[in-house]
Every structure is written in structure tokens, then in C-alpha cells.
Amino acid sequence: MTLADVTRAGVLAAIQEFDRLGRPAFLRTTGFGRARAYYLDHQGQLYDSKAIVGYAHGISTGIPWGPKHFTGGDKSVAQRLQALGFTVEFLPNPDWTREEIILACELVAINGWRQLDANDERVKSLSELLQSPAIHPGRRNPDFRNPAGVALKTYNIVADSSNGNQLDKLVREEFHTDLIGMRKQADQIKELLNEEIKQQPHMEQFSSKIAAPQQKRAIHESSLQHSSARIPLVLIAPCYGNRASRARFGDTLAVEVPFGEGALRDALSEAEFKALLRLHPNGVARFWGALGKHDSKMDRLALSDPILFTGGNRVQALGRLGCKIRNARLANLLWKPDPKAGSWSNVYSVLDFRRVTDLTYSEIQVLAGYSANDVFQETRVPDAERSAALIQGLGLNAAPEEAEEDAQAERELLEALRNRPEVFEAEAMHVESAEYQRSVKTVTVRRVEARLMAKYRDSLPTGQRKRLRLAVGWTDLYDLAGADLIEAKRSARHRYVREALGQLLDYAAHTTHPINRLTALFPEAPSAADVRLLHIYGIDCLYWSGQEDFKRLEAPSDARQRIQAMWTTPGTEMKTI
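The rules we used
Residues numbered from 1 in each chain as written. Predicted model: local features only at pLDDT ≥ 70, side-chain atom pairs only at ≥ 80, totals over all residues. Heavy atoms only, no water. Helix = DSSP H or I, 4+ residues; strand = E, 2+ residues; numbered from the N terminus. Buried < 20%, exposed > 50% of the residue type's maximum accessible area, 1.4 Å probe, protein only. Contact = heavy atoms within 4.5 Å. Areas by Shrake-Rupley, 256 points an atom, 1.4 Å probe, with all protein chains shown as cover. Pairing = 2+ DSSP bridges. Axes fitted to C-alpha atoms, helices over the stretch in contact; angles between N-to-C directions. Polar contact = N/O pair within 3.5 Å; in protein donor to acceptor, adjacent residues only side chain to side chain. Phe/Tyr/Trp six-rings, centres within 6.5 Å; stacked < 30°, edge-to-face > 60°. Lys NZ or Arg CZ within 6 Å of the ring centre and 35° of its normal. Salt bridge = Lys/Arg side-chain N within 4 Å of Asp/Glu carboxyl O. Parallel < 35°, antiparallel > 145°, perpendicular 65-115°, else oblique. Nonpolar A, V, L, I, M, F, W, Y, C, P; charged D, E, K, R; others polar. Left-handed = near helix turned anticlockwise from the far one by under 90°.

### Remarks on the overall build of the protein
A count of helical and extended segments in the protein gives 23 helices and 20 strands. Looking at the protein residue by residue over its 577 residues, the buried ones come to 50%. For the protein, the share of sequence-separated contacts (at least 6 apart) that also reach a separation of at least 24 residues comes to 69%. When the accessible surface of the protein is summed, it comes to about 26,600 Å², and 50% of that surface belongs to carbon and sulfur atoms.

### Considerations on the sheet that holds strand 3 (residues 87-90)
Pairing is antiparallel in the open sheet, where three strands are placed in the order 2-1-3. The open sheet has two edge strands with one neighbour each: strand 2 (45-48) and strand 3. Averaged over all pairs of adjacent strands, the angle between strand axes in this sheet comes to 40°, irrespective of strand direction. Of the pairings in the sheet, the one linking strand 1 (residues 38-42) to strand 3 comprises four bridges and is antiparallel in character. For D41, the partnering residue across the bridge sits in strand 3 and is T87.

### Overview of the side chain of N111
With respect to the helices and strands, N111 occurs in the loop between helix 5 (98-110) and helix 6 (121-130). Side-chain polar atoms of N111 contact the backbone oxygen of R114, separated by 3.2 Å. Polar contacts involving the side chain of N111 include one to the side chain of R122, which spans 3.1 Å. Dropping the residues within four chain positions of it, N111 is found in contact with L116 and R122.

### Overview of helix 17 (residues 361-368)
Most of helix 17 sits out of view: seven of its eight residues are buried. Along helix 17, the positions that sit buried rather than exposed are Y361, E363, I364, Q365, V366, L367 and A368. With its phi angle positive at about 75°, G369 sits one or two positions after the end of helix 17.

### Points about the packing of aromatic side chains
All chains considered together, the criterion is met by 15 aromatic pairs. Both rings, one in W113 and one in F175, keep their centres 6.3 Å apart while their planes meet at 75°; by these two values the pair is edge-to-face. Here W113 is found in the loop between helix 5 and helix 6, whereas its partner F175 is found in helix 8 (residues 166-177), with 62 residues between them in sequence. In this structure F175 comes out as buried when scored by relative accessible area, which is 2%. For the ring pair Y361 and F376, a centre distance of 5.1 Å and an interplane angle of 75° mean the geometry is edge-to-face. With Y361 in helix 17 and F376 in the loop between helix 17 and helix 18 (384-394), this residue pair connects regions lying 15 residues apart in the sequence. For F376, a relative accessible area of 2% gives the class buried. Aromatic rings pair up to connect F18, F26, Y47 and Y55 into one cluster. Its guanidinium or amino end placed over the ring of Y240, R246 lies 6.0 Å from that ring's centre, counting from NZ or CZ. Over the aromatic face of Y496 sits the side chain of R495, whose NZ or CZ is 4.5 Å from the ring centroid.

### Side note on helix 2 (residues 23-30)
One turn of the α-helix equals 3.6 residues, which is why residues spaced by three or four share an orientation. Within the span of helix 2, buried status applies to R23, A25, F26, L27 and T30. The inward-facing, buried residues of helix 2 contact helix 1 (8-21), strand 1, strand 2 and helix 3 (49-61).

### Examining the pattern of salt bridges
Tallied over the full model, the rule gives 23 salt bridges. In this structure, the salt-bridge partner of R122 is D120, at a minimum N-O distance of 3.0 Å. Across the salt bridge formed by D352 and R320, the nearest N and O atoms sit 2.7 Å from each other. Remark: R320 occurs in strand 8 (residues 314-326) and D352 occurs in strand 9 (residues 346-355); sequence separation between them is 32 residues. With relative accessibility at 44%, the residue D352 sits in the partly exposed group. Given the relative accessible area of 23%, R320 is considered partly exposed.

### Digging into the pairing of strand 2
Regular strands place their side chains on alternate faces of the sheet. Here strand 1 pairs with strand 2 via four bridges, running antiparallel. Within the sheet, the bridge partner assigned to D41 lies in strand 2 and is L46. Here strand 1 hands over to strand 2 after two residues, with Q43 in that stretch at a positive phi of 55°.

### A short note on the sheet that holds strand 8
Reading across the sheet, the six strands line up as 4-7-8-9-6-5 and stay open at both edges, with mixed pairing between neighbours. A single partner strand is all that each edge strand has here, and the edge strands are strand 4 (235-238) and strand 5 (257-258). With seven bridges connecting them, strand 8 and strand 9 associate as antiparallel partners. By the bridge assignment for strand 9, R320 is matched with L351. The sheet strands contacting helix 14 (residues 270-279) are strand 6 (284-290), strand 8 and strand 9, and the helix crosses strand 8 at an angle near 135°.

### Comments concerning the packing of helix 21 (residues 494-508) against helix 22 (residues 528-536)
Their axes nearest at 10 Å, the elements helix 21 and helix 22 cross at an angle of 10°. As far as their axial angle goes, helix 22 and helix 21 are roughly parallel. In contact with H494, V497, R498 and L501 of helix 21, helix 22 contributes D530, L533 and L534. For the contact of helix 21 with helix 22, a count of residues per class yields four nonpolar, one polar and two charged.

### Here's the deal with the packing of helix 5 against helix 6
Relative to each other, helix 5 and helix 6 sit at 165°, their axes nearing to 11 Å. The angle between helix 5 and helix 6 places the two elements in the roughly antiparallel class. For the pair helix 5 and helix 6, the crossing hand works out as right-handed. From helix 5, E100, L103, A104, L107 and I110 reach across to helix 6, where they touch R122, V123, L126, L129 and L130. Grouping the amino acids of the contact of helix 5 with helix 6 by side-chain chemistry returns eight nonpolar, no polar and two charged.

Following this line, the structure appears as C-alpha cells:
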């Protein structure tokens, strides 16, 4: 008997029994544990997929299946459910962020550095807080940050260092060495979280559950922080510079490596194995590493931070940070230690890995303000400002549907720009496209906003064309003659108009340079409604005519005067390039 014997009627009967008994009783009677990542979504309700299929097998064949009958893994169960017309959600629990660990460590500190039980009201309160959409937007699985998970984290923080991960230890040490400082930091972040919850109507239910009255003073005096306060960072990881690194690339990045058995499994602690399995439930993952001297850099990174894999004078691949593990034994099994530098003791798995072509170092250098001679030969984590410039400029944080819309907009703009003579300034990007593999198809990502901006720059006097480097990122263009701050977008659709508006106001509020005009640049005229939206905020609309000139739709002077005071608010010092 196989999964193919499971019928749709059997699955529906299992769902009905699940609803009748309730989740705990259904799992208990069927002998299954809670699902780790794959959930059946039926009419908006989530069900543990393997338990449902095991029960459904009994309905379909007369022989129910228990956990031991499943040999193909959770993914095969998901595929069978999908084949029967059901929806399956992949909802793994993400690794705890530094901010969440601070929240848990604060409870441990209040409790005299002892672990807390899942029934403790403080644990329940923290569980509710961590489940707030203000911290983790989007859909989560039924066990996401539940009281049992929070209690387990307090145990990991208290336990011997061998039982906790490196980030647990780092946060615990920070509390021990600077308790007052951590509490001050926590107070600031708690204020941010409370403010964010108040501003979102659908989250009002959480505001009264942050702490029971008898706990408010204790929590106020300790460490609370939320993950939305963290700015994502970029990891630049050399991977292709010489024959040895190319061989390592081929062995552990170009292919997925099984970690659930054999020597690699033996090298993993139980906590490390479970952490990997949460993100890679099929038991295979792509791995890369960093030398011990880069420990402090790796400690700054968090789950899903973007990765640029460099070598051979270009970016070879893109990815996102998965599970971080500091384990020299594991590293030495994956890669032979370097004769001079030693072991790659920092091992990390890679999510959303994809090869790219024609993404050159010059683009990284221009976006992040690095020297033209920089060849990125060593593991690097740019600061928040440079990381934000790279993430924005390369589109590293786009959601899948937005990425597809971006690609379509770029294709249209590139077609309009194609076959026209172009003159680029030294700092302009010359690359039009990059290709990478995603599943079985090739996706083309085009970076043509820079070409549109270069075309407009050519219409300005050479000495007047500058970019501003601000605390919130690099501006596209600053025209010194007119004190005009300009942001270019690849499309004139509504989403891009809103993005341009927000970025321009953000940039203007963070510069001490004079601002007489804010301008949004598009490859064509936006809709009349979107032009009005820009004009309400005193922002000009500039668009390409399709030939050699640009047309400007100026904002009404009264609108500009009304809002111009906000443009000149003293902000962070800036540089021009």
C-alpha cells in the first residue's frame, strides 16, 4: 500500500474527525506528533498533514497508517494532498531572532535566572506578544511561539552552553555584563512595539494582553524588543576566487547536501539538527561557511538576511541566510580546513539559492559606495546603510509577486530603451540583466532604472549631477543647480508611484542639504490620479517622452510651499558622490 491509496473522501473524513475531537485528542489517538512545517489548509483551517493522511489511509483502505509507515517524508504527503485537490501550506517555525531571545532572556532574569514553565502567566503573556502580527506578519503554523516553545527557550537560555545555540549564549552574556543597558534597550523597543500595535486596528486585541497588571512593572524594567526594529543586513560571501573555493562551491552550494544521516548527522547536536530540519524538512540543504575570525560578523546576521556569493569578478549566486551553526567538526566534514586560515567553523544553510550572471562588482560598488578597486575577497557584512542600499538597489527583498511585476516592468522599459544610443557616466550601471535558475525555469532580472536615470543625467550639466549618501540609503540623483532630489522608478504603475513618494519624503527628511524640489522620474506618464497624489505632497512628476526629452508635471506652488518645511528638517549628515 502507498500514499496513492489515499482518497479525497478519506481526507475529508479525517478532517471531520479532527474537528470533532479537536487537535490534541486527534493527534493523541492517531499516534502522531505535531506537524513541523506542512499543513493542510481546508476552508481556512490548518490541519497536521501527516496525521490527516495517516487517518485517511485507514478510511480509504481499512488499514490506518501510523508515523512509522511514512518513508517518503513530509513533502511526499503534501504532494499527495495537492494531487487530490487540497491546498497545503509550508509554514515552518523560523529560528528565534536576537530580539525574541532578548524577550525570553528578560523573563529568565526576572525569575532569578531560572527557567519558566509553560503554565507560567508570564510565559503565556510573552507567547501572545510574540504571536502578534506586529512582530511576525503573515500566516504562521498553529504552534508558532506557543507557551511550550517559549518555556523551552527559557530552558535553553538557562541550560549549559552545549544545550543552547550561540545566539542564546550571546544574549545571556549581554544581560550578565550590561543588565542596565539591556533594560534601557528593551524599554525603547517595547515602546516601538506598543506604538505599532496601537496604530494597527486589527491588532488592538493584543494591546491588552502584553502583560498582566501584576507583571507590567517587572516587564517595563527589563528586556523587551521586537524584530521589526532590526534592519536587515547583507552577507557578502566569497565563494569562487580560486580552484579550491570553486570545488567547495560545487560540493555544497551547487548541490543539496543530506544532513539527516551518516557523519554529518553525527556531527550535529540534537538542537542543531532540529534547527536545520525546521528550515529544511526534507533533510537536505545547501551549505556555506565563514572562518572563525569572522565570528563577530556572523553574529550580526539573522534568518533570511540576503547573501551575495562573490568570485571571478562578479556575483555568482544569491540566497538568504538559513540556519547558523558554529561547529568546527561539521565544517571539517563539509570542507577541508585551510592550511593557513584553519577551519570554517561557522556553517550556515542557504535558502532560495539561485545562480546569477552579469551581476558585476561595479553594481555593488556603486550602490554601497565601495571603491572601484574592491574585489570582495573576504567575508563581509556591510553596515545597515550600505546593506539597505544593496537590498533596495538589487531588489533583494521583493515578494515573489512583486518580483514578477518588477520583472515585467523592467522588460517593458528595456524594450523601450533598446537600440537607442546611450551615453553612461562613470558611476552609471552598464549591466542590463542577470539570469538565474528557479526550479526548472530561467528567470531574467533586469536592472534598467539606472539606464533611465543615466538618460536623464545626460540632460544636466556634468558638474551638477550628484548622489547623496544618507543614513537611510543612497538617493538616485541630486541636481545641485536646482536643489532637486530625484528618485527613478522602472514603471509608472500605482505601486511604483507610492514607492517613489515614500522614498523621496524619507530622503528629504534625512538630509541637511537644501531641497527646493522633489521629483519622481518614470518611463511614462502615470495616471492622472497618481500625478495628483504626488502633487498633494508637493512632488513633481517627470517622465520620459519616449524620444530624447523628458516632460515635467510640476506640483502646484502652494502645495510645495505648504509641505516644504518638512523637506528641510535637520537630519543626518550626508555625503555626495
